[in-house]
Amino acid sequence: MIHTKTLIRYITDENHFDKLIQRLKDENQNLAGQWIVIDKNEAQSGTYKNINLYREEKKVVISMSGSPACIAAYAGNIRLLDYLMENGLLDDLPSLDPQEEVGSIFCPEICCTMVTETDNTYSEYCEWFNGLSPISFTLPEGKLDCFKLLMNAGQKCDFRNRANFRLLSLCRNRNFWEYLIDTGLLDRTLLLLAADYAFRYRNTETTDWLINHYNLFQGFTKRSMD
Amino acid sequence: MTTVNGKQYVFSSKSPVMPILLWLIKNNRLSEVRSILEPDRNYFYPEKADKNHMFDFMCNTDIKKDTRYTAAAIKQQNAEILKLLIDYGFSADILNQKKPDSACEDEFGSFGMISDYIYIDPVHPFVTEDKNLFEILLRSVKNINQIYSVCWNENGETYYNEMSLLCIALYFNKMDFADILVKKGARLEFNMYRNILDFILSYKNLWGSSFTTTGCISRDASYDDPPEMLHEWSPIGIILRKGDAKQIEWLINQTEHNPAAAHEVAGSVYYLQKNNFLLFMKKYPEFIRYLDWNSICCFANEDAMMLYLQKSKPELEEKDALKLLSFGNLVFRPFRKLYDIVLSEKLYNCIKLLYRYRPDLFRSEDVQNQLYNIALLATYMDFKFKKGDTNAVSSKLLDFYNQISTSVPDATVFVKWYYGAGKSSEQYVMNSRDSAKLIKMFRITGKNVRPKINLSETFDSLEDLTLVSCSELASIMDTFQFYSAGEFPNNFYKLIIQTDSISLLKKLLAASSLNDKELEELTEYAIDKGAEKLIPILLLNKMKRQHQ
């Protein structure tokens, strides 16, 4: 039996793909029905080196739960995603035990926690993004290759779904933005709102870039906010 | 206190703002605000609340629930942007919530005891003074007659009330807003407020009905509603209590085509005091014919009574006099009102008016007794709340009673109230020394007679016998003469036995003429209770009687 933490390390690192497959084979185990949880403490403490869950300079922590496909999509592990697709495990979720209570329903989700600290005080604010599909997990880190792979496999990423749109606002990868805009997947009229959400999620560099690059409006600077 | 990494955890109840939207509002950039709001409304799928997520209720991710955007537009006095935001579903505060000075915010961001109330600024109770903005803000109010739990400071006192927007506008003199509210359909008539509903309907299962969601039921006051509680804070009640001539004129104009409101005005004119009442009736004489004896008595409005007696010349009977002098109805009132009616001479003046009109009604023993007990109540209130007042209403009431009395007074009603409802209420409680002193004040000076009390009735509802001290018991025996037709031994005798005090027992035996059977029963009770000191005395008494 592969230990959960080890399993997460394998899932989040493309270089460990072969090792993962071998271990699964050795242990007579597979990834079907697996449910992965990365909690806030693990995210903040950097337990998993190959997945970016803590934006330290902005004090933004991203925790999540989902199937191996979801976690692999977030981490950008294209090899594993490809494998899961081939094995029909892309939309795999653990089956519900009818004996289980309602609270144990498996629902892929991402939680974005924004921490505010002063010398003496600590506070935090969380937003949950629920009911996500694996492709939604590519958005916060802008994993373009995984996104394209999943799109080609027939997965849809509809930005009329507000959770997808808000997760995109966490994205700092400009190539990803440009790809979405150039391909028409993201309507240009949404950019001002996207820039605003990006600022809300402390992704201020993206806000500036969107406003200036796409000439959204004049007169706004970060300094003018004060 | 919760700490994280050695730092104090601070609960944050507000989500981060959409800073660009806020900046655009603050810079009056209407078209850009529109370009953010337009896709926000039309582009996205409606959000499905995830019912399985137990924490969803804790996070306010819908930016429209945040009132900071509309607040910014109000601050900018930008009606266009405010209208746009409200039309797009953004929430807005209409009441100007003020942080109380002395309040201490806890870690969850609430203000202790008054957390359910919106603490408003009495000078600026609404977030704007601009009529246009106010009218736009009303679009965000789902039900114009919604009731808000508000509190404010006035003359050093904090008032807590449930008020509609119209009530607030009228109470705080925002007549322009009152005009708008009435035009938009705000009820001038009384609404069934939540706390009154709780009070009246607590036995009926009405939870889940419309009032729990809207905070009000649009219904007129009915006969069963306690009139004292109903109208006072209704828009009409507020105007009449304030007595401002301009507001009254406004009210009368508003009621011209509103018979329900006119009816309520007719039933609430008693809130007008002194000159205001007479000026009102002079200006609007059509209301004189609605004056009603029951309401006059309930409000103890002497001007209304004078006018009613003059104009209607009613044929009053003993029961009408008792309506005014009903001790039970009087003490049923909340403390503040009881204090106001008893000690402000209102009631005394009404009694004198009635006496001048129909002195014969005061020949009734029942009427005299109610008057006597009210005089005792006033004596008690003077003693407890206005110590040292030489011009006390209680003396006037007692003097008047002495003037008209034709029989031995019966203090049962007051004493029963005092040792029942009075003693069990924090408001009325007095220490035993003062209680004993008070009882001694009930002796009738200049007359060789002691007031009566019915022993079994007086103490029959007293559950906690420790509420009566030995000195009080001694005072009661020194002051009153007893009569009783109830069960023996009644609570009073039991009280004495339980004190195991020889002097009290001697007083009791002297004050009451117990027959042999009663003495035997009392002795048995003493034995049963183990009143060691009293048993020999009682047995001795019994033996003496046997030898006689």
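The structure displayed is predicted, hence computed values, not measured ones.

Scoring rules and cut-offs
Position numbers for residues start from 1 in each chain and track the written sequence from start to end. Here chains are named by letter from A upward and ligands by number from 1 upward, in the order in which they appear as written. A pLDDT threshold of at least 70 governs which residues receive local features in this predicted model, and a stricter bar of 80 or more applies before side-chain atom pairs are shown or counted, although totals over entire chains, interfaces and linings include all residues. The basis for every side-chain value is the complete set of heavy atoms in the structure, and neither hydrogens nor water enter the calculation. Helix numbering and strand numbering both begin at the N terminus, where a helix is a DSSP run of H or I of at least 4 residues and a strand a DSSP run of E of at least 2. Partly exposed residues are those whose accessible area sits between 20% and 50% of the maximum for their type, while under 20% is buried and over 50% is exposed, using a 1.4 Å probe and protein chains only. In this analysis, two residues are considered to be in contact whenever any of their non-hydrogen atoms come within 4.5 Å of each other. The method behind every accessible area is Shrake-Rupley, applied with a 1.4 Å probe, and residues are considered shielded solely by the protein chains displayed. Think of each axis as a best-fit line through the C-alpha atoms, taken over the contacting stretch in the case of a helix, with angles from 0 to 180 degrees between the N-to-C directions. An angle below 35 degrees is read as roughly parallel, one above 145 as roughly antiparallel, one from 65 to 115 as roughly perpendicular, and any other as oblique. Handedness of each helix crossing follows the sense of rotation of the near helix against the far helix: counterclockwise by less than a right angle gives left-handed, clockwise gives right-handed. Note that Gly is not counted as nonpolar here; it falls among the polar residues with everything else outside the nonpolar set of Ala, Val, Leu, Ile, Met, Phe, Trp, Tyr, Cys and Pro and the charged set of Asp, Glu, Lys and Arg. Think of a salt bridge as a Lys or Arg side-chain nitrogen and an Asp or Glu carboxyl oxygen that are within 4 Å of each other. Throughout, the accessible surface (probe 1.4 Å) given up by two parts as they are put together, summed over both, is called the buried area. The definition of a polar contact used here is a pair of N or O atoms within 3.5 Å, where within protein one atom must be able to donate a hydrogen and the other to accept one, and adjacent residues in sequence count solely through side-chain atom pairs. Note on pairing: DSSP must find at least two bridges between two strands before they are called paired. Scored between 0 and 100, pLDDT is the confidence that the predictor attaches to each residue. A crossover gets the label right-handed when its path from the first strand over the helix to the second runs clockwise, viewed with the strands pointing away from the viewer. The arc in question is the one traced by the directions running from the helix axis out to the C-beta atoms.

**A look at the overall build of chain B**
When you go through chain B residue by residue, the secondary structure sums to 30 helices and nine strands. Expressed as a percentage of its 548 residues, the buried residues of chain B come to 49%. In chain B, once contacts between residues fewer than 6 apart in sequence are set aside, the share between residues at least 24 apart is 72%. Working note: accessible area of chain B is about 27500 Å², and carbon and sulfur atoms make up 49% of it.

**Concerning the packing of helix α5 (residues 78-86) of chain A against helix α6 (residues 144-152) of chain A**
Residues and elements named next belong to chain A. At a minimum axis distance of 10 Å, the contact between α5 and α6 shows a crossing angle of 15°. Between α5 and α6, the angle is such that the two are roughly parallel. Handedness of the crossing formed by α5 with α6: right-handed. Contacts between α5 and α6 involve Ile78, Leu81, Asp82 and Met85 from the first element and Asp145, Cys146, Leu149 and Leu150 from the second. The residue makeup of the contact of α5 with α6, split by class, is six nonpolar, no polar and two charged.

**Here's the deal with the pattern of salt bridges**
When their charged atoms lie close together, side chains carrying opposite charge are able to pair. Scanning the entire structure with this criterion turns up 26 salt bridges over all chains. Here Lys174 of chain B ties to Glu129 of chain B by a salt bridge, and the two come within 3.3 Å at their closest N and O atoms. Highlighted residues: Lys174 of chain B in the loop between α6 (165-171) and α7 (175-183) and Glu129 of chain B in the loop between β3 (118-119) and α5 (131-137), separated in sequence by 45 residues. For Glu129 of chain B, a relative accessible area of 42% corresponds to the partly exposed category. Of the charged contacts in the structure, one is a salt bridge between Asp340 of chain B and Lys346 of chain B, with a shortest N-O distance of 3.1 Å. The buried category is assigned to Lys346 of chain B, whose relative accessible area is 12%. Here the residues in one salt-bridge network are Arg55, Glu57, Glu141 and Arg172 of chain A, joined through shared partners.

**Some words on the interface of chain B and chain A**
Every contact between the two is made by 36 residues of chain B and, on the other side, 43 residues of chain A. For the pair chain B and chain A, the summed buried surface comes to about 3600 Å²; carbon and sulfur atoms form 62% of the total. It is Ile20, Tyr43 and Phe44 of chain B in chain B that bury the most area against chain A; as a group they hold 19% of the surface buried on that side. Measuring nitrogen to oxygen at the nearest pair gives 3.4 Å for the salt bridge that ties Glu117 of chain A to Lys7 of chain B. Inspection of the region where chain B meets chain A yields 12 residue pairs in polar contact (both at pLDDT 80 or more). For the side of chain B that touches chain A, the secondary structure elements donating two or more residues are β2 (7-9), α1 (19-26) and α2 (30-42) of chain B. If one sorts the elements of the side of chain B that touches chain A by residue count, α2 of chain B sits on top with six residues. Here the residues of the side of chain B that touches chain A are counted per class, giving 19 nonpolar, nine polar and eight charged. Here strand β5 (residues 121-129) of chain A pairs with β2 of chain B via two bridges, running parallel. Among the inter-strand pairings, Tyr122 of chain A is bridged to a residue of β2 of chain B, identified as Tyr9 of chain B.

**Some thoughts on the confidence of the model for chain B**
Residue and element names in this part refer to chain B. Within chain B, residue pLDDT values average 83, and 84% of them lie at 70 or more. Within the model, the stretch residues 50-58 combines pLDDT values under 50 with 11 contacts to residues more than four positions away or in other chains. Taken over the whole predicted complex, pTM reads 0.78, whereas the ipTM for its chain interfaces reads 0.90.

**Topic: the environment of Tyr270 of chain B**
Residues and elements named next belong to chain B. In this fold, Tyr270 is placed in the loop between α13 (259-268) and α14 (274-283). Assessed through its relative accessible area of 1%, Tyr270 is described here as buried. Along the backbone, Tyr270 and Lys346 are 76 residues apart, and their C-alpha atoms lie at a distance of 12 Å. Not counting residues within four places of it along the chain, the set of residues in contact with Tyr270 comprises Tyr290, Leu291, Asp292, Ser295, Ile296, Phe299, Asn301 and Ala304. One polar contact links the side chain of Tyr270 to the main-chain amide nitrogen of Asp292, over a distance of 2.9 Å.

**Regarding the packing of helix α21 (residues 365-385) of chain B against helix α23 (residues 412-424) of chain B**
Residue and element names in this part refer to chain B. The interhelical angle for the contact between α21 and α23, taken along N-to-C directions, is 40°, at an axis separation of 8 Å. Compared by their axis directions, α21 and α23 come out oblique. Here α21 and α23 pass one another in a crossing that is right-handed. Facing α21, whose interface residues are Asn373, Leu376, Leu377 and Tyr380, α23 presents Thr412, Val413, Phe414, Trp417 and Tyr418. A breakdown of the residues in the contact of α21 with α23 according to their chemical character gives seven nonpolar, two polar and no charged.

**Some details on unusual backbone geometry**
Residues and elements named next belong to chain B. Of note, the phi angle at Asn173 is positive, near 60°, even though the residue is not glycine. With respect to the secondary-structure elements, Asn173 resides in the loop between α6 and α7. We note that Glu345 has phi near 75°; this positive angle belongs to a residue other than glycine. Mapped onto the secondary structure, Glu345 falls in the loop between α19 (335-343) and α20 (346-357). Look at Glu345 and you get partly exposed, because its relative accessible area is 21%.

**Focus on the sheet that holds β3 of chain B**
Residues and elements named next belong to chain B. Taking strand neighbours across the sheet as the criterion, the three strands line up as β3-β4-β5 in an open arrangement whose pairing is mixed. In the strand order of this sheet, the two ends are held by β3 and β5 (157-164), each with one partner. Where β3 meets strand β4 (residues 147-154), two bridges bridge the pair, whose relative direction is parallel. Of the residues in β4, the one forming a bridge with Ile118 is Val150.

**A word on the pairing of β4 of chain B**
Residue and element names in this part refer to chain B. For β4, the buried fraction is high: six of the eight residues fall into the buried class. In this fold, the crossover linking β3 to β4 by way of α5 has right-handed handedness. Inspection of the sheet shows β4 paired to β5 by eight bridges, in the antiparallel sense. Residue pairing across strands places Ile147 opposite Ser164, the latter belonging to β5. Hairpin connection from β4 to β5: two residues lie between these consecutive antiparallel strands, with Asn155 at a positive phi of about 50°.

**Remarks on helix α8 (residues 174-182) of chain A**
All names here are of chain A. Of all the residues in α8, the buried ones are Phe176, Trp177, Leu180 and Ile181. Within α8, the buried residues cover an arc of 130° as seen down the axis, which keeps them to one side. For α8, the exposed residues set more than 90 degrees away from the buried face come down to Asn175 and Asp182. For α8, the N-terminal capping position is held by Asn173, with its side-chain oxygen 3.0 Å away from the main-chain nitrogen of Asn175. Following α8 by one or two positions, Gly184 adopts a phi angle in the positive range, close to 80°.

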